[in-house]
Amino acid sequence: WYQRRVRGATTGATDRNENTKTMDDVQGRQRFNADPKKGIESLISTRLLNDTPEDIAVFLYKGERLNKTKIGEYLGENKEPNLTVLRKFVELFAFQKMDIVTALRAFLGKFRLPGEAQKIDRMMEEFATVYCAANAGVYCKSDTCYVLAFSIIMLNTSLHNPSVKDKLTADQFVKMNNGINDGGDLPASLLTEAYNSIKNQPFEIPEEDTQDFTITFYNPDKRGYLVKEGGKHKSWKKRYFVLTDNCLYYFVKESDSEPKGIVPLENLKVTEYKERKFTFEIRSEDRFIKSAKTDSGGKMVSGNHEYYRIQASNQDENENVD
């Protein structure tokens, strides 16, 4: 599966720059998933992300290969530029003519709410401000939307948390929200519709992102076990490989949460290695391949490989590699 995916080898500074950009992007996202602030600083320093709240907000909104818990952690910080980024992040949602439950589903699907009440409060306040501005006339003021949003989140917990025995009824939900619209009542039909929506379909709260790292790769080209020759010690060991976006990731085992190594495949040459059955070799026209690996302390560092040699277990697997 590797050879037909690798782009043709070329020479020159442009190719090396593209290879470096891919590596810097992978490492920056990995750093974000460990420490959001350092990850963003890394991407800014390598000029892969502009140092503006607008661009950082778009980066988080897209969320490609980012831990949603860490996104929520960053957005919840009570300091700059995080506060401005949060506002710009919420403004990216198209809330116009969207009922509040649907808007909350879209909003809460992009990150995992942090556990601290103060952080949740700031995030829901921004949501309410932007949502009300997009739906003028539905609520008297943003405070109404803010209270109702919290009420809906509580309703979701009441109806779908197994530990809550006394479930809220529709009538109780309507009554508990009486008077929140600047002293007046919201239409009972609006509240009942919100109640039924949550009852029929709970919020899809993002998981903690601690499971198999490979779930962050959307529609990988290939994945599976192969045998890889070691770099420093020339022993052959079984590794779990994932190919996606012209980048090869390998893990010690499938259930690992972090890759052991990352190899961007742009402009690399792949050939058959005839000294060992069903084996292929990856090389660069430069002396060393731009790559990354995890050191003994779990830190991602630059690799220093002249080549990679990888073996399939049989001819059928080797043909699938094509």
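A brief structural summary. None of the values given here were measured: they were computed from a predicted structure.

1. Some points on helix H10 (residues 188-200)
Taking 1.5 Å per residue, 13 residues should reach 18 Å; H10 reaches 18 Å between its end C-alpha atoms and fits that length. Tucked into the core, H10 has its buried residues touching helix H6 (100-108), helix H8 (142-160) and helix H9 (170-176).

2. Considerations on the environment of Asn67
The topology assignment puts Asn67 in the loop between helix H3 (53-62) and helix H4 (68-75). For the pair Asn67 and Gln30, spaced 37 residues apart in the sequence, the C-alpha separation amounts to 9.2 Å. One polar contact links the side chain of Asn67 to the main-chain amide nitrogen of Thr69, over a distance of 2.8 Å.

3. A few points about the nonpolar core
By size, the foremost hydrophobic cluster in this structure holds 50 residues, and its most contacted members are Leu60, Ile100, Phe107, Phe127 and Ile152. Broken down by element, this core gets its largest block of residues, eight residues, from helix H7 (residues 117-134). If you look at the next biggest cluster of nonpolar residues, it comprises 15 residues, including Phe241, Leu248, Tyr250 and Val270.

4. Observations concerning the packing of aromatic side chains
For the coordinates displayed, the defined rule picks out 19 aromatic pairs. Ring centres of Tyr61 and Phe89 lie 6.1 Å apart, and the angle between their planes is 65°; this geometry places the pair in the edge-to-face category. Taken together, the residues span a long stretch of sequence, with Tyr61 in helix H3 and Phe89 in helix H5 (residues 82-91) at a distance of 28 residues. Taking the relative accessible area as the measure of exposure, Tyr61 reaches 26% and is therefore partly exposed. Given a relative accessible area of 0%, Phe89 falls into the buried group. Ring geometry for Tyr225 against Tyr240: centres 5.0 Å apart, planes inclined by 65°, an arrangement best described as edge-to-face. You can see Tyr225 sitting in strand E1 (residues 222-229) and its partner Tyr240 sitting in strand E2 (residues 236-244), a full 15 residues away along the chain. Taking the relative accessible area as the measure of exposure, Tyr225 reaches 32% and is therefore partly exposed. Judged by its relative accessible area of 4%, Tyr240 falls in the buried class. Ring pairing ties together the aromatic residues Tyr61, Phe89, Phe93, Phe95, Phe107, Phe111, Phe127, Tyr131 and Tyr139, which thus form one cluster. Sitting above the plane of the Trp236 ring, Arg276 keeps its charged end 4.0 Å from the centroid. In this arrangement the basic side chain of Arg309 is found over the ring face of Tyr307, its NZ or CZ atom lying 4.0 Å from the centre.

5. What to know about the pattern of salt bridges
Scanning all chains against the criterion turns up 13 salt bridges. Residue Asp25 is joined to Arg65 by a salt bridge in which the shortest nitrogen-to-oxygen separation is 3.6 Å. Taken as a pair, Asp25 in helix H1 (residues 13-34) and Arg65 in the loop between H3 and H4 lie far apart in primary sequence, 40 residues in all. Residue classification places Arg65 among the buried residues on the basis of a relative accessible area of 18%. Several salt bridges share partner residues, and in doing so they unite Glu229, Glu281, Arg283 and Arg309 into one network.

6. Notes on the packing of H3 against H5
Helix-helix packing: each pair is described by the crossing angle between the helix axes and the interaxial distance. Running from N to C, H3 and H5 point in directions that differ by 60°, and their axes come no closer than 8 Å. One finds that H3 runs oblique with respect to H5. Helix-helix and strand crossings are classified by hand; for H3 and H5 the assignment is right-handed. Within the contact between the two elements, H3 uses Pro53, Glu54, Ile56, Ala57, Leu60 and Tyr61 and H5 uses Thr84, Val85, Lys88 and Phe89. Broken down by class, the residue content of the contact of H3 with H5 amounts to seven nonpolar, one polar and two charged.

So, how was this worked out
Residues numbered from 1 in each chain as written. Predicted model: local features only at pLDDT ≥ 70, side-chain atom pairs only at ≥ 80, totals over all residues. Heavy atoms only, no water. Helix = DSSP H or I, 4+ residues; strand = E, 2+ residues; numbered from the N terminus. Expected span 1.5 Å × (residues − 1). Contact = heavy atoms within 4.5 Å. Polar contact = N/O pair within 3.5 Å; in protein donor to acceptor, adjacent residues only side chain to side chain. Core = buried A, V, L, I, M, F, W, Y, C linked by side-chain atoms within 4.5 Å. Buried < 20%, exposed > 50% of the residue type's maximum accessible area, 1.4 Å probe, protein only. Phe/Tyr/Trp six-rings, centres within 6.5 Å; stacked < 30°, edge-to-face > 60°. Lys NZ or Arg CZ within 6 Å of the ring centre and 35° of its normal. Salt bridge = Lys/Arg side-chain N within 4 Å of Asp/Glu carboxyl O. Axes fitted to C-alpha atoms, helices over the stretch in contact; angles between N-to-C directions. Parallel < 35°, antiparallel > 145°, perpendicular 65-115°, else oblique. Left-handed = near helix turned anticlockwise from the far one by under 90°. Nonpolar A, V, L, I, M, F, W, Y, C, P; charged D, E, K, R; others polar.

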